[in-house]
Amino acid sequence: MKKNNKLEKIRNIGIIAHIDAGKTTVTERILYYTGRSHKIGEVHDGEAVMDWMPDEQERGITITSAVTTCQWKGSDIQIIDTPGHVDFTIEVERSLRILDGAVGVFCAVGGVEPQSETVWRQADKYHVPKMAFINKLDRVGADFFGAVRMMEEKLEAKPLILQLPVGAEDTFTGVVDLINMKQIVWDDDTLGATYTAVDIFESYREQAEEYREKLVETIAEVDDDIAEAYLSEAEISPEILVAAIRKAAINLKFVPILCGSALRNKGIQPLLDAIVQFLPSPADVPPIKGAHPESGVISECPPKDKNPLAALIFKVAMTEGRKLSYVRIYSGKMMAGGDVFNPARNKKEKLSRILRMHANKRERLDMAGAGSIVGIVGLKDSSTGETLCSAEHPLLLEQIEFYEPVISVAVEPKTHADQEKLNRVLEKFMAEDPTLRVRQDKDTGQTILSGMGELHLEIIISRMQREFKTSVNVGKPQVVYRETIGAESEATSVFDKEVAGQNHFGEVTLTLKPLARGAGNRFRPTVTEETIPKLFIPAIKKGVMESLESGPMMGYPVMDVEAVLTGGSHRDTSGTELAYTVSASMACKEALSKGAPFLLDPIMDVEIFVPEAFMGDVIGDLNSRSGKIESINAQKGLQMIKATVPLAKMFGYSTSLRSATQGRGTFTMQFLRFDKS
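Scoring rules and cut-offs
Residues numbered from 1 in each chain as written. Predicted model: local features only at pLDDT ≥ 70, side-chain atom pairs only at ≥ 80, totals over all residues. Heavy atoms only, no water. Patch = residues over 30% accessible without salt bridge, like charges linked within 9 Å, V, L, I, M, F, W, Y side chains within 5 Å. Areas by Shrake-Rupley, 256 points an atom, 1.4 Å probe, with all protein chains shown as cover. Salt bridge = Lys/Arg side-chain N within 4 Å of Asp/Glu carboxyl O. Lys, Arg positive; Asp, Glu negative; His and termini not counted. Charge placed at Lys NZ, Arg CZ, Asp CG, Glu CD. Helix = DSSP H or I, 4+ residues; strand = E, 2+ residues; numbered from the N terminus. Pairing = 2+ DSSP bridges. Expected span 1.5 Å × (residues − 1). Buried < 20%, exposed > 50% of the residue type's maximum accessible area, 1.4 Å probe, protein only. Axes fitted to C-alpha atoms, helices over the stretch in contact; angles between N-to-C directions. Parallel < 35°, antiparallel > 145°, perpendicular 65-115°, else oblique. Left-handed = near helix turned anticlockwise from the far one by under 90°. Contact = heavy atoms within 4.5 Å. Nonpolar A, V, L, I, M, F, W, Y, C, P; charged D, E, K, R; others polar.

Peer 1: Would you mind going over a negative patch on the surface with me for this structure?
Peer 2: A contiguous patch of negative charge on the surface is contributed by Glu 213, Glu 217, Glu 221 and Glu 233. Within the secondary structure, Glu 217 is located in helix α7 (residues 202–220).

Here you go:
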């Protein structure tokens, strides 16, 4: 019973948001008020505890998700502060995969911005219960109710307003707590560390009563006990209301909404209370399921220390030349110096050290149990997305999905010494970052780095120099295209050779058909057993899929093509898997060349915020870049232009926009789809 109590006191949460909504500032206040740090680190001063990388401190943005633990009112809160920039979306994805709850931070001026939408959808994908903190209520143009409306419209969220702001912009002084019907006032002299709950000012009482009524009404829709009390007009105590809100939030019925201004030290302690009250512990979420690596039988892994080990590596970092693996333990426990089993690689690994992380600082642990998020030193072969379990109870947890890169640069070492280091350094980066790809260009011999955006690649190159003292010359960014076909085509190929004293024969006829954008690649056999035995169909599929990895035009992956196996032949004595794989690959390549191949551009979803006076110039510039205007909406003194533009036409756009709008225009951009421009 004691252990279960301990588990119920754990909160594994992520702080998610658009860039510059104030995630790291919120996290810094959480660390200060929980006593985890003794001074408030400011992002704009480059002193934030969670932004510990030099590149993060210089740029004032979060690049890598940082893990920390703090205590609040008897609960252990394990926090992951995630990046907000679209180039580092994978950091959010892999964090949300292992978290039990999330706090979405929204700017009271900008509301729901593009990357807020992306990270919110990622949380939805993993069914993560969420809360929202409307931040920056002290800024000019702050609109609490406008931000809540945008959450309803853009995120299809069902907001549950638990607090109301007192004042706005420079008159913002605190919040009204609708559960306890009190007004909370912070003391500026103590950096917001002390605060008092007072009676609601008369000027806010009517609004507070109206929204308290709405809060109870909304909860009554999903909770029978509250509905009964509401209909009989009985008094509903704060304790009963908190229990009902917790249940509804964990079941994804509503999103509790709180508000404040992290930079002005207002609103953080009630946010911590709400994290403990309304977000789930590992015991509150459904147990994770895994499959037996051989039989495929699915089994549950309840979060108990005495159960067999089930843990997932969600991130790998190279620090001071050593590999540090971040692990979420779902079930069972790990002992420092003990062994674990990696079923994906069929290998045993030794845990030399288990660490409790606080950004880039660490504390050694002898043991870590169910519900923990820890760092591990000692894993040699295991990498991101892989499962750790016990050899006696092998289990595979669901993999993490990774994104395909859309932009690449050529890099070449400046000196012979750099040449020797480059491959080693790039291997370390690829172990850390699954969205980074490296390949050698066959024609030029250059090393090509591919990533999620210009900033992503800039950071990698900066880290090469800073952390590994490896200097490189960098080419201009190049777009990573895809290829497809425009017409149906057919090809036949025969492989008939003697290899190592054995005859290999296989004949394959393929028809390739273009599919709709986003349909993916498919393989469909239509031949009879007499034409080609079933035994060889997997080998033919393998040959087809391998040849679709490199298109006939520029060697980019081929997408949205259906390969239909329509004919072929076999010989009883010399038909082999090798022959059918090779002949399928040759037939596919020939059919691709004959199918009117063409390139598909990465198309970006672009949102541009400009003062109305500059609209004409900005739209004219977008048209010259083959942009398609989707919509134009007025938003707080600005016009928001939503457009789709080929990535190839967006290089240098930030400079063009600044000069066209006298520095007043801003834009955000994220990958939408591959399509013909």
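There's more to say after this.
Peer 1: When you look at the sheet that holds strand β13 (residues 298–301) in this model, what are you seeing that I'm missing?
Peer 2: Across a sheet, paired strands are connected by hydrogen bonds in the backbone, their directions being either parallel or antiparallel. Reading across the sheet, the three strands line up as β13-β12-β24 and stay open at both edges, with antiparallel pairing between neighbours. Edge positions in the sheet fall to β13 and β24 (396–397), since each of these pairs with one other strand and no more. The sheet contact formed by strand β12 (residues 288–291) and β13 spans four bridges and is antiparallel. From the neighbouring strand, Gly 290 faces β13, where its bridge partner is Ser 299.

Peer 1: Honestly, helix α12 (residues 454–468) in this entry has me stumped. Any pointers?
Peer 2: Residues lying three or four places apart along an α-helix face the same way, a consequence of the helix completing one turn every 3.6 residues. The terminal C-alpha atoms of α12, which comprises 15 residues, lie 21 Å apart, in line with the 21 Å expected from a rise of 1.5 Å per residue. Buried within α12 we find Leu 455, His 456, Leu 457, Ile 459, Ile 460, Ile 461, Ser 462, Arg 463, Met 464 and Phe 468. Positive backbone phi, approximately 50°, marks Lys 469, located one or two places after α12.

Peer 1: Can you help me understand the pattern of salt bridges in this one?
Peer 2: Side chains that differ in sign of charge can pair as their charged atoms come close. For the structure shown, the criterion picks out 22 salt bridges. Notably, a salt bridge pairs Glu 590 with Lys 594, separated by 3.6 Å at the nearest N-O pair. Separated by four residues within a single helix, Glu 590 and Lys 594 lie in helix α14 (residues 577–594), roughly one turn from each other. Ionic contacts of the salt-bridge type, sharing partners, join the residues Asp 605, Glu 607 and Lys 642 into one network.

Peer 1: Is there a simple way to explain the packing of helix α13 (residues 537–547) against α14 in this structure?
Peer 2: Two packed helices can be described by the angle between their axes and the distance between those axes. Close contact between α13 and α14 brings their axes to 7 Å; oriented N to C, the two are set at 40°. The orientation of α13 with respect to α14, classified from their angle, is oblique. Handedness of the crossing formed by α13 with α14: right-handed. Seen from α13, the contacting residues are Ala 539, Ile 540, Gly 543, Val 544, Glu 546 and Ser 547; seen from α14, they are Glu 577, Tyr 580, Thr 581, Ala 584, Ser 585, Cys 588, Lys 589 and Leu 592. Broken down by class, the residue content of the contact of α13 with α14 amounts to seven nonpolar, four polar and three charged.

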